[in-house]
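# A structural walkthrough
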Amino acid sequence: VFTCDILTDEQRDLIAIYIISQLGTHYDWILLFLEGIRYIFHVMLPYREFHKHICSTLWNDAYKSVGIDLCPNINYPSPADLSESKLLRKSHLL
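Read on for an overview of the structure.

Rules of the game
Along every chain, residues carry numbers that run from 1 in the direction the sequence is written. With pLDDT at 70 or above as the cut-off, local features in this predicted model cover only qualifying residues; side-chain atom pairs require 80 or more to be listed or tallied, and sums for whole chains, interfaces and linings still use all residues. With hydrogens and water stripped out, all remaining heavy atoms of the structure feed into the side-chain values. To obtain an axis, a line is fitted to C-alpha atoms, over the contacting stretch when the element is a helix, and the angle between two such axes runs from 0 to 180 degrees between their N-to-C directions. Numbering of helices and strands starts at the N terminus; helices are DSSP runs of H or I of at least 4 residues and strands are runs of E of at least 2. Should an angle fall under 35 degrees it is called roughly parallel, over 145 degrees roughly antiparallel, and 65 to 115 degrees roughly perpendicular, with every other angle called oblique. Handedness of a crossing follows from how the near helix is turned relative to the far one, being left-handed for an anticlockwise turn of less than a right angle and right-handed for a clockwise one. Should any heavy atoms of two residues lie within 4.5 Å, those residues are considered in contact. Residues forming no salt bridge and having over 30% relative accessible area are the ones grouped into patches, like charges within 9 Å of each other and nonpolar side chains (Val, Leu, Ile, Met, Phe, Trp, Tyr) within 5 Å. Method for areas: the Shrake-Rupley scheme with a 1.4 Å probe, in which residue coverage is limited to the protein chains shown. Any Lys or Arg side-chain nitrogen located within 4 Å of an Asp or Glu carboxyl oxygen qualifies as a salt bridge. We call a residue buried when its accessible area falls under 20% of the maximum for its residue type, exposed when it is over 50%, and partly exposed in between, using a 1.4 Å probe and counting protein chains only. Put simply, two rings from Phe, Tyr or Trp (the six-membered ring, in Trp's case) pair if the centres are within 6.5 Å, and we call them stacked under 30 degrees between planes, edge-to-face over 60, tilted for the rest.

### Some remarks on the packing of helix 1 (residues 9–21) against helix 3 (residues 55–64)
In the contact formed by helix 1 and helix 3, the axes pass within 9 Å of each other and the chain directions differ by 135°. In terms of orientation, helix 1 and helix 3 fall into the oblique class. Every pair of crossing elements has a handedness; the one defined by helix 1 and helix 3 is right-handed. Residue-level inspection shows Ile15, Tyr18 and Ile19 of helix 1 in contact with helix 3, the latter providing Leu58, Trp59, Asp61, Ala62 and Tyr63.

In C-alpha cells:
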C-alpha cells in the first residue's frame, strides 16, 4: 500500500470522486498489450488514447486530476513506475 503525504483532505476526496466516476468504464486491453511489449522488448509503440484505463493509468490520471503528476514524462505508467514515484511512500498495514 502506498500513500502520498502531500495530499490534502480535499484532494483525497476529489481523487475518490474521480475513481467512482470511472466505474463501469472499459478496461484498455490494447494498452495492456502495448505496455507488455514496452517492458519485455523495450520498444515504445504508438498508441491513440481512447479514455480507457489499466489499473495503474487509472490511479495516475486520478492524481493528475488534482494536480499531482506521480510519474512525470511517463504517459502510461506501470505499477512498477508508480511504486518508484518520489511522491509515494510505502506504508505498512497493521
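### Looking at a nonpolar patch on the surface
A contiguous nonpolar surface patch, about 320 Å² in accessible area, is contributed by Tyr27, Trp29 and Leu32. Turning to its location among the elements, Tyr27 is positioned in the loop between helix 1 and helix 2 (29–41). For Tyr27, a relative accessible area of 31% corresponds to the partly exposed category.

### Overview of the packing of aromatic side chains
What describes a pair of aromatic rings is the distance from one ring centre to the other and the angle between the planes of the rings. A complete count under the given rule lists one aromatic pair for this structure. On the numbers, 4.7 Å between centres and 55° between planes, the contact of Tyr27 with Trp29 is tilted.

### Points about the side chain of Thr3
With respect to the helices, strands and loops of the structure, Thr3 is situated in strand 1 (residues 2–3). Ignoring sequence-local partners within four residues, the contact set of Thr3 consists of Arg12, Leu87, Leu88, Arg89 and Ser91.

### Quick word on the environment of Ile54
The residue Ile54 is located in the loop between helix 2 and helix 3 in this model. For the pair Ile54 and Ser78, spaced 24 residues apart in sequence, the C-alpha to C-alpha distance is 8.8 Å. Setting aside anything within four residues of it in sequence, one finds Ile54 in contact with Tyr27, Asp28, Leu31, Leu32 and Glu35.

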